Structures are given as structure tokens and as C-alpha cells.
Amino acid sequence: MSTPNECLHAQALEAEMQWLSAVMDARFKQHFEQEADQPIPSPPKVLSGSALATVLHQYQCGESERLVLALALAPHLRPELLDAFFVRNQNLDRGFTEFGGSKGVAHGGFIPTGETASFLLAGNSLEKRFALMQILGPSHSFCQNEILALESSPSGEPALSGRLTLSSEWLSRLCMGEGTKPSFSSEFPAQRVSTPLAWETLVLGEHTLNQVSQLRLWLQRSVALMHMPGCPPHREQGLRVSLHGPAGVGKTLSALLLGKESATDVYKLDLKLIGGWDADCAQRGLDRVFKLASNRQWMLLIENAGLLQDDGVTATQASNFAHLRMHLASFAGLALLESRQPFADESGLVDMAVRFGLPDVGQRLQLWKIYLPEAKTDADVRFEDVAERYPFTGAQIANAVFCAFLYCAQRGGATVSDSDLQRCLSDVE
């Protein structure tokens, strides 16, 4: 059953398809019947609250942009609507050149091209045709935000002969109000990461916690802070932060909690992986990641960032990392660089460094009680002794608790016993 919001999105798009149909009818009459005074219908009022209304407002789309968007949507929503473009020129026994269009491999319908948009919007006007080229060009918000694009034409063929393509993410967003997230691939070498945990599970030393709190404040007030009188100019380029320390002490969890609290998608790039790719592939992928991260205000988590200051990298790695540095220098969001060691002061790569240390006895006791509540343990489990004896990190404690629950389930117990826990502690050591 459709939700009220889904019905709203559908109604808004149905109105757009009806408008596109009316525009096509008017243009065909102008073209075939020489009715120059045939008026082109104005677009309908957009339903407030629909995904379409949000997009049109956010990107300040005029009537021309709106018609191009409707045309790109048509093959996905009302493919039969475009069948009218299959009419044949009786004089030449072929389709009309001015209609443009192409056919897909599996799709038997008409796929609009830039030429199709030009027929609807420009007619015989070169001035309007040039304006359409701007709408379909690389500097327009459609291209910048990967909403829709004009595919490249085969070598030597007219630019507007390329297909109009709507991205799958924006198709989903317009139809259902929420876009699909890009998946990891060689063309997009980043992975969206998240956590079900809350701030209460992050146990850090006082100084580290204060620094993380500064990042929380920056995310809440970044726009206002960057425009405060006297704020250093480079802060307008976002914030690059080093998160350094041993494995398992809360670096990644801090990043994910920052993203969760600010409702910001966090995408992780692993430099070990990217450094091993050939330069063309890696750099194209990085270009795409940073373009989308900037447009959609993502937070970036760079894993194994210590490689950026490693002198022993290969020529390909050095080239890929230099490309990454270039993007980081101008990235307007929050980039978190995760490594074991701090960055050298002279590297100029980070604006702020947050050091994560090993938890002390008190912090370990707190972590044990968070991950293994007393209500889930037998009376013989003594957290104080375990915390004192075993200098575990938070990640090691979480793993030991998970293992203890497995042993508990294996013997059919309802609560974790000291023997369950002791077996796991030996394994972790």
C-alpha cells in the first residue's frame, strides 16, 4: 500500500506527464499544421511537499529546466507518451531528424535526446537552442548535481544527438522522496558507513572527548562559524581533522556518531585500496566521490591516512595520493583522516588533530558495563577484576562480550557466566 507521501510524489509527477503531453501536442500542431500562434501550455502548479517541488525550488529551475526534466522522466514513467515521435516523414520514408531520439537494446520505446528537447523548447530558434545547450552543459546544476545529463555523442556527431539520461538516484528521489545511495565500485571507491550505537557507548579521555565535542559544535554551526568576522579564511574550505591512535579506541565510532547526530551521510575511503589502483581509474573515482560529497554535504572518513606521509609508496600510489590531497585542500565539508600516528606539523594537511589513547582502568570498567550489563551476567562476574587485569581496547571488549554471549547460548544459559567470559578473555589475549 502506498504511503501518503508516495501518493503525493506520484500526483506531482502525473501532472508533469500531462503537461509534457500537452506541450508535445502544441509543438506538433505548430510543426505540422503551421499554426505558429498555437500557444505552448504553461506548467501546472507543483504540489507543495512533493519531491518534485523540493528539487525545482532547491535548484531554482525555470520552465525550460522543468520541461527538460519532464522529458527525461517520461521513458521511466510514461514511455508510451513518446511514441508520437516515431511518426515517419512520408517524403523520406524515415523518422524526422528534428525529433532526435534513439531506441534502447531492451526498451522498444522512444528514448529522448538533446535534439528532442530542442524540438520542444527551441523549435527553429537558434537563440533558444543555445540556451538549451547551457541547461545541458557541465556548469548547470543538473550536471553538477548529477540529476540528469546529456550523454556524449559518437565522435563527429552533433552534441545534441546524445541521450537525455536521468540518474537512478534522482529517479528514486523524485518518485519516492528518497534517493538511492551510490554503491562501492571502481567508479565510486567509497562506501557508506553507519552505526546503531549512541554517544553513551563512546568512552574517551577528557581531552579527547572535549575535542570531539568541538567537532560536534562545528557540524552544528559550521556555516555560521565560517562567516564570523575574523574567522581564518581557510576555514571556508571546510575542516580536515586527524583522528590518530591505536586500533579499536573509538576513532571510527566517533566519526560515525558525528554523522549520525548531524544526519550526515558518512562515506569511507580506504587508501590501501585506492593506492593500489591504476592512476586513471583511481583518480576518476576520487573525482566522482568528492564531487558528490561536496554537492550532497557528506562527511568523508579516510582510512589508513598515514600512507599520505609515507615515503615508501610507489609512483602510482604517490600520484593517486597527490590527487586526493588536491581534493582535500578544497573540500568544503568535514574530512576525517584516520591513522595510527599523528601527521607531521609541516604536512599542512590537517587543521586539527584529535589523539585517541588506550582506555585506563576506569574507562575499561565503564566499557565492560556498557557492553555487558549486569542484568545479563551471573553474580560471579566481577567487572572490576576483569578491567584491572586486561588492558583491552573498546573494540576488544566488544568482541569479548560477543564471544561470551555465543558460549552462553551454546550451553543454553540465560545469562553470561564467569566461565563464559574467561574463555573469551583468553581468546582475545
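Residues numbered from 1 in each chain as written. Predicted model: local features only at pLDDT ≥ 70, side-chain atom pairs only at ≥ 80, totals over all residues. Heavy atoms only, no water.

1. A closer look at the pattern of salt bridges
Condition: Any carboxyl oxygen of Asp or Glu within 4 Å of a side-chain nitrogen of Lys or Arg constitutes a salt bridge here. Numbering of helices and strands starts at the N terminus; helices are DSSP runs of H or I of at least 4 residues and strands are runs of E of at least 2. In this scheme, a residue with accessible area under 20% of its type's maximum is buried, one over 50% is exposed, and one in between is partly exposed, where area comes from a 1.4 Å probe on protein chains only.
Inspection of the entire model under this criterion finds 13 salt bridges. Among the ionic pairs, Glu 169 bridges to Arg 296, the shortest N-O distance being 2.1 Å. Of this pair, Glu 169 sits in helix α7 (residues 168–176) while Arg 296 sits in helix α11 (residues 279–296), placing them 127 residues apart in sequence. The buried category is assigned to Glu 169, whose relative accessible area is 9%. In this structure, the salt-bridge partner of Asp 351 is Arg 240, at a minimum N-O distance of 3.4 Å.

2. With respect to unusual backbone geometry
Phi is positive for Glu 146, close to 55°, though the residue is something other than glycine. By the secondary structure assignment, Glu 146 is in the loop between α6 (141–144) and β5 (148–150). For Ala 263, which is not glycine, the phi dihedral falls at a positive 55°. Position of Ala 263 among the secondary structure elements: in the loop between α9 (251–261) and β9 (266–270). Residue Ala 263 is classed as exposed on the basis of its relative accessible area of 73%.

3. Considerations on helix α3 (residues 63–77)
Counted only if it meets this: Each helix should span, by expectation, one fewer than its residue count multiplied by 1.5 Å.
The end-to-end C-alpha distance of α3 is 20 Å, a good match for the 21 Å that 15 residues give at a rise of 1.5 Å each. Of the residues making up α3, those classed as buried are Glu 65, Arg 66, Leu 67, Val 68, Leu 69, Ala 70, Leu 71, Ala 72, Leu 73, Ala 74 and Pro 75.

4. Some thoughts on the sheet that holds strand β7 (residues 191–193)
Note the following rule: The pairing criterion is simple: DSSP has to find at least two bridges between the two strands. With axes taken as lines fitted to C-alpha atoms, and helix axes fitted only over the stretch in contact, angles between N-to-C directions fall between 0 and 180 degrees.
Taken in spatial order, the six strands of this open sheet run β7-β9-β10-β11-β8-β12, and their pairing is mixed. Strands with a single pairing partner mark the edges of an open sheet, and in this sheet they are β7 and β12 (352–355). The mean angle between the axes of side-by-side strands here comes to 30°, regardless of whether they run parallel or antiparallel. Of the pairings in the sheet, the one linking strand β8 (residues 239–244) to strand β11 (residues 334–339) comprises six bridges and is parallel in character. Residue Val 241 lies in a different strand from β11, and its bridge partner there is Leu 336.

5. Looking at the packing of α11 against helix α12 (residues 315–330)
Here is the rule we go by: Every angle not falling under 35 degrees, over 145, or within 65 to 115 is termed oblique; those three ranges are roughly parallel, roughly antiparallel and roughly perpendicular. Two helices cross in a left-handed way if the nearer one is turned anticlockwise from the farther one by less than a right angle. They cross in a right-handed way if the turn is clockwise. Contact between two residues is taken to exist if any of their heavy atoms lie within 4.5 Å; hydrogens are not considered.
Here α11 crosses α12 at 15°, and the two axes come no closer than 10 Å. If you check the angle between α11 and α12, you find them roughly parallel. Regarding α11 and α12, the two cross each other, and that crossing is right-handed. Each of Ala 279, Ala 282, Gln 283, Leu 286, Asp 287 and Phe 290 in α11 lies in contact with α12, whose residues at this interface are Thr 316, Ser 319, Asn 320, His 323, Leu 324, His 327 and Leu 328.

6. So, the nonpolar core
Put simply, the test is: Side-chain atoms within 4.5 Å link the members of a nonpolar core, which is a set of buried Ala, Val, Leu, Ile, Met, Phe, Trp, Tyr and Cys residues.
Judged by nonpolar contacts, the single largest core of 43 residues is most densely connected at Leu 20, Val 68, Leu 69, Phe 85 and Leu 120. Taken together, the elements giving at least two residues each to this core come down to α1 (4–32), α2 (51–58), α3, α4 (114–121), α5 (126–135), β6 (164–166) and α7. Dropping the residues within four chain positions of it, Leu 69 is found in contact with Leu 52, Leu 56, Phe 142, Ile 147, Leu 148, Leu 166 and Leu 174. Among the nonpolar cores identified, the runner-up in size contains 28 residues, and Ala 190, Ala 293, Ala 305 and Leu 308 belong to it.

7. Examining helix α15 (residues 394–410)
Helix length check: α15, at 17 residues, gives a terminal C-alpha distance of 25 Å against a target of 24 Å (1.5 Å per residue), a fit within 8%. Turning to α15, its buried residues number three or more, namely Gly 394, Ile 397, Ala 400, Val 401, Cys 403, Ala 404, Tyr 407 and Cys 408. Where α15 is buried, its residues touch α13 (361–371) and α16 (418–428).

8. Some remarks on the packing of aromatic side chains
Spelled out, the test is: When the centres of two rings from Phe, Tyr and Trp lie within 6.5 Å, Trp using its six-membered ring, the rings pair. Their planes under 30 degrees apart give stacked, over 60 give edge-to-face, and anything left gives tilted. Whether a charge sits over a ring depends on NZ of Lys or CZ of Arg being within 6 Å of the ring centre and within 35 degrees of the ring normal.
Within the structure shown, the criterion is met by 19 aromatic pairs. Taken together, a centroid distance of 5.7 Å and an interplanar angle of 90° make the contact between Phe 188 and Tyr 267 edge-to-face. Of the two residues, Phe 188 is situated in the loop between α7 and β7 and Tyr 267 in strand β9; the sequence distance between them amounts to 79 residues. For the pair Tyr 267 and Trp 298, a centre-to-centre distance of 4.0 Å together with 25° between the ring planes defines the contact as stacked. Of this pair, Tyr 267 sits in strand β9 while Trp 298 is found in the loop between α11 and β10 (299–303), placing the two residues 31 residues apart along the sequence. Taken as a pair, Tyr 267 and Trp 298 share a single burial class, namely buried. Taken together through their ring pairs, the aromatic side chains of Phe 28, Phe 32, Phe 85, Phe 86, Phe 96, Phe 99, Phe 110 and Phe 119 make up a single cluster. The aromatic ring of Trp 19 is capped on one face by Arg 66, whose charged end is 5.5 Å from the ring centroid. Its end group placed over the ring of Trp 199, Arg 216 keeps NZ or CZ at 4.0 Å from the ring centre.

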